[in-house]
Amino acid sequence: MKVNWFHLMPYRWLPDDFRERYHGVWVDLPNALYDPERGHTLYNEYLDMLEYADQLGFDAVGVNEHHQNGYGMMPSPNLMAAALARRTSKAMILVLGNSIALYNPPTRVAEELAMLDVISGGRLIAGFPVGTPMDTNYCYGENPVTLRDKYREAHDLIIKAWREREPFAWNGKYAKLRYVNVWPQPIQKPHPPIWVPGLSSIETWDFCAERGYNYSNLSFSGYKRAQKMLDGYWERMAKLGKEANPYSCTFFQQICVSDTDEACEREWWPHVDYFFNRCLHLYPGMTAPPGYMTEASIRAGIVAQAGNTSMNLGTNKSWKELVEGGYIIAGSPATVRQRCEELARSLRCGHLGLGMHIGSAPMELTNRSTYLFATKVLPHLRPIWSEWEDHWWPKALPEDKREKPGGHNAAVQSRAERPTEEPL
Amino acid sequence: MTTPQSRTLNLGDGRPVIEVLEAGEGAPLLFLHGAGGIVAWEGMLPLLSSKYHVYAPLAPGFGASTGLECLEDQFDLFMHGFDVIEALGLERPYVIGESFGGWMAAEMAALRPKEIGRLALLAPVGLWRDEAPVVDIFGMLPGELIPYLFHDQSCFAAQRMMMLTMLFNDKDDRTQEQVEILLTMSRGFRTVAKFLFPVPENGLERRLWRIEAPTLIVWGEQDRLVSPIYADIFREKIVNAEVIRVPETGHLIGLESPAPLAEALLRWGQGQ
């Protein structure tokens, strides 16, 4: 199996009385709480963490997209991916953002992702989320009733823009473009692998299955609910006659590793508590605008409905409850290894997204956890699912064909900096 | 109290199928409901049906009405309104619109001024001033809406609405019947969101001068959802308009002060 080291990039200084003073972490949390100088340090620390994961041999590094909140500092995942494209060389780059319905025209996304693929030597995984209601409807003003329709049109346009070799006209309902002719084009043909993050709507599963995309389950609602959701996914795949290839599925899991189980609780609890009780402090009045969910999904009752979000997100739980409920996998390398193996096999996921920075966790603690995972856990996970072929992985240029950032300066330096030739 | 008859209006292949509630005899009166639909035949509608033949069509997504997917944008919605008038065979009816329905009625009267006989707008949305933003009904929990809808939250209608919104709790122990009620409510809200999310303003103000029908504008003095300052803008921009302010009343005038409202509407209908 493969693992990606995924960052949410939360803001680390939400006040202690945050839950009492603000109704939610998203949409209308005043930006007066944000300190740009602290932000400067935070971005650079967070990018350093991702670069460290590349150095330790994680298969991919990942970023995502959220707007107007204290939970994720990445309104533009492409900017983060661009920084990573130049500072990493081995890991693939997973961009689980670009809520494609938000961009006008959507060819902007086709352009930027193609740029990332070209700069990184074909290491890009293109995520196409619909986006949360908070991001898409409340922050970006998209109509919840037409959002999915607009998403599908944006998807079709981007894919066509990556496949066509001649300019074409696009007369869509949402985008009208006389000349679509995207430069540059991605290295990966016909286009980078596409992963679609979601909770558990049947529509998303079918969308992925029909087009051969990876379904990435992103939730913070614990193992029991995850098992139910992914059982539903595999049942649906069977019904659609798709092979049960574990690599078609990614599961996101928050993980902390320390030297012992006891040390893990002591070291990580404040930061885990910060994540579940501040970063996930959502105002339920803005989680389910009318029309965002299809009636089938509401009826199926497997996605969060208005009012019950706090139930499933692990808020107000103790360390013990979070660990036993599988909201986090935490402990010594041996404990984490065992739990990860169980998780991968029982959920049948070929890709694991690791949330290894959690809440307010500082640099050293995070890197220690990353190091322990890379050296003591990861080698044991790799053989799982080795009998299956991964069709959802970038076809990057071979490592020796990839450019080394700065290498061209070095190659010409002595000649470029030679003394001037004075005229005789 | 008169009990309304419900009937189905088929507007043709590929067009919405509409449920219409009807009661009373007399000149035609078309009532366009607000975002809550017509949960029960109550408030001022029975009072109006004592003098008028009241027609209350439900917008697609409300009640048994279907076909929201046939209406792509606001223009489709307004033309749909005229389809309903034509299918009901109404000639220059007296049109009363409440909130969302008031916006729709005003837009229709501006679009085809000759086809609306008289007009009454009950706290309509559709205008915008930064100093008095219309409350975001899509960005809060249903129960939290109630203080914005009623002046007196202890009144019967407010209490009953509160009971309904209790269904949006965080427990998964709803009965099938309650699930259906929730789905019905969310379907109606979906319709309103399709046309009014995220800001309920799309240029009505620059079209108001086109309205020819004598227009009564009614506002609850304590309306916290759509500020009463909008009443003055409607009156200034519509050629032949008057304003009535109902004291001790919030946004849902027809539920909170049905008698004075019905009296004013009946008088307006008779050209007084």
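Quick caveat: nothing in here was measured; it's all calculated off a predicted structure.

A word on the overall build of chain B
A tally of regular secondary structure across chain B gives 10 helices and eight strands. A compact globule built from 272 residues would reach a C-alpha radius of gyration of about 19 Å, and chain B, at 17 Å, matches this within 12%. With the C-alpha coordinates aligned to their principal axes, the bounding extent of chain B is approximately 55 × 45 × 35 Å. When the 272 residues of chain B are sorted by exposure, 48% land in the buried category.

Thoughts on the overall build of chain A
Along chain A, the regular secondary structure elements total 15 helices and 11 strands. Here the C-alpha atoms of chain A give a radius of gyration of 22 Å, agreeing with the 22 Å that 2.2 N^0.38 yields for 424 residues. On the principal axes, the C-alpha backbone points of chain A span a range of 80 × 55 × 50 Å. Looking at chain A residue by residue over its 424 residues, the buried ones come to 50%. Look at the contacts in chain A between residues 6 or more apart in sequence, and 77% of them connect residues 24 or more apart.

Focus on the packing of helix α3 (residues 77–87) of chain A against helix α4 (residues 107–119) of chain A
All names here are of chain A. Relative to each other, α3 and α4 sit at 10 degrees, their axes nearing to 9 Å. With respect to α4, the element α3 is oriented roughly parallel. Here α3 and α4 pass one another in a crossing that is left-handed. Mapping the contact onto sequence places N78, A81, A82 and A85 in α3 and E112, L116 and I119 in α4. Each residue belonging to the contact of α3 with α4 can be placed in one class, and the counts come to five nonpolar, one polar and one charged.

Digging into the pairing of strand β3 (residues 92–96) of chain A
Residues and elements named next belong to chain A. Counting buried residues along β3, five of its five residues qualify, which places the element largely inside the surrounding structure. Bridge count between strand β2 (residues 60–64) and β3: five bridges; the pairing is parallel. Note that in β3 the partner of A60 across the bridge is M92. Across three bridges, the pairing between β3 and strand β4 (residues 124–127) is parallel. When the sheet's bridge partners are listed, V95 is paired in β4 with A126.

Focus on helix α8 (residues 222–239) of chain A
Residue and element names in this part refer to chain A. Along its 18 residues, α8 runs 26 Å from first to last C-alpha, staying within 8% of the 26 Å computed at 1.5 Å per residue. Along α8, the residues classified as buried are A226, M229, Y233 and M237. Taken down its axis, α8 places every buried residue within 85 degrees of arc, on the same side. What points out from α8, more than 90 degrees from its buried face, is the exposed set K224, K228, E235, A238 and K239. Buried residues belonging to α8 abut α7 (202–211), β8 (214–217), β9 (249–257) and α13 (333–347).

Notes on the confidence of the model for chain B
With 97% of its residues at a pLDDT of 70 or more, chain B has an overall mean of 94. Both scores are given for the predicted complex: the pTM is 0.95, the ipTM 0.93.

A few points about the nonpolar core
Membership of the largest hydrophobic core comes to 115 residues, with the highest contact counts inside it found for V61(A), I93(A), V95(A), I125(A), I255(A), I328(A) and F373(A). Contact partners of V61(A), with chain neighbours within four places excluded, come to N4(A), W5(A), L50(A), A53(A), D54(A), L84(A), T88(A), A91(A), I93(A) and L94(A). Residues Y52(B), M104(B), V125(B) and L265(B) belong to the second largest nonpolar core, which totals 85 residues.

Quick notes on the sheet that holds strand β8 (residues 241–246) of chain B
Residue and element names in this part refer to chain B. If you walk across this open sheet you meet the eight strands as β1-β2-β4-β3-β5-β6-β7-β8, and the pairing is mixed. With partners counted over all chains shown, the strands left at the sheet margins are β1 (5–10) and β8, one partner each. Geometrically, the sheet is characterised by an average inter-axis angle of 20 degrees between neighbouring strands, direction not taken into account. In this structure, strand β3 (residues 27–32) lies alongside strand β5 (residues 94–98), joined through four bridges in parallel fashion. Directly across from F31, in β5, lies its bridge partner I96. On top of the sheet, helix α10 (residues 258–269) reaches β4 (52–57), β5, β6 (118–122), β7 (215–220) and β8; it is set at about 160 degrees to β6, its chief contact.

Parameters and conventions
- Residues numbered from 1 in each chain as written.
- Chains lettered and ligands numbered in written order.
- Predicted model: local features only at pLDDT ≥ 70, side-chain atom pairs only at ≥ 80, totals over all residues.
- Helix = DSSP H or I, 4+ residues; strand = E, 2+ residues; numbered from the N terminus.
- Rg over C-alpha atoms; globule rule 2.2 N^0.38 Å.
- Buried ≥ 20, exposed ≤ 12 C-beta atoms within 10 Å, placed from the backbone.
- Contact = placed C-beta atoms within 7 Å.
- Axes fitted to C-alpha atoms, helices over the stretch in contact; angles between N-to-C directions.
- Parallel < 35°, antiparallel > 145°, perpendicular 65-115°, else oblique.
- Left-handed = near helix turned anticlockwise from the far one by under 90°.
- Nonpolar A, V, L, I, M, F, W, Y, C, P; charged D, E, K, R; others polar.
- Pairing = 2+ DSSP bridges.
- Expected span 1.5 Å × (residues − 1).
- Arc of directions from axis to C-beta.
- pLDDT = per-residue confidence, 0-100.
- Core = buried A, V, L, I, M, F, W, Y, C linked by C-beta atoms within 7 Å.

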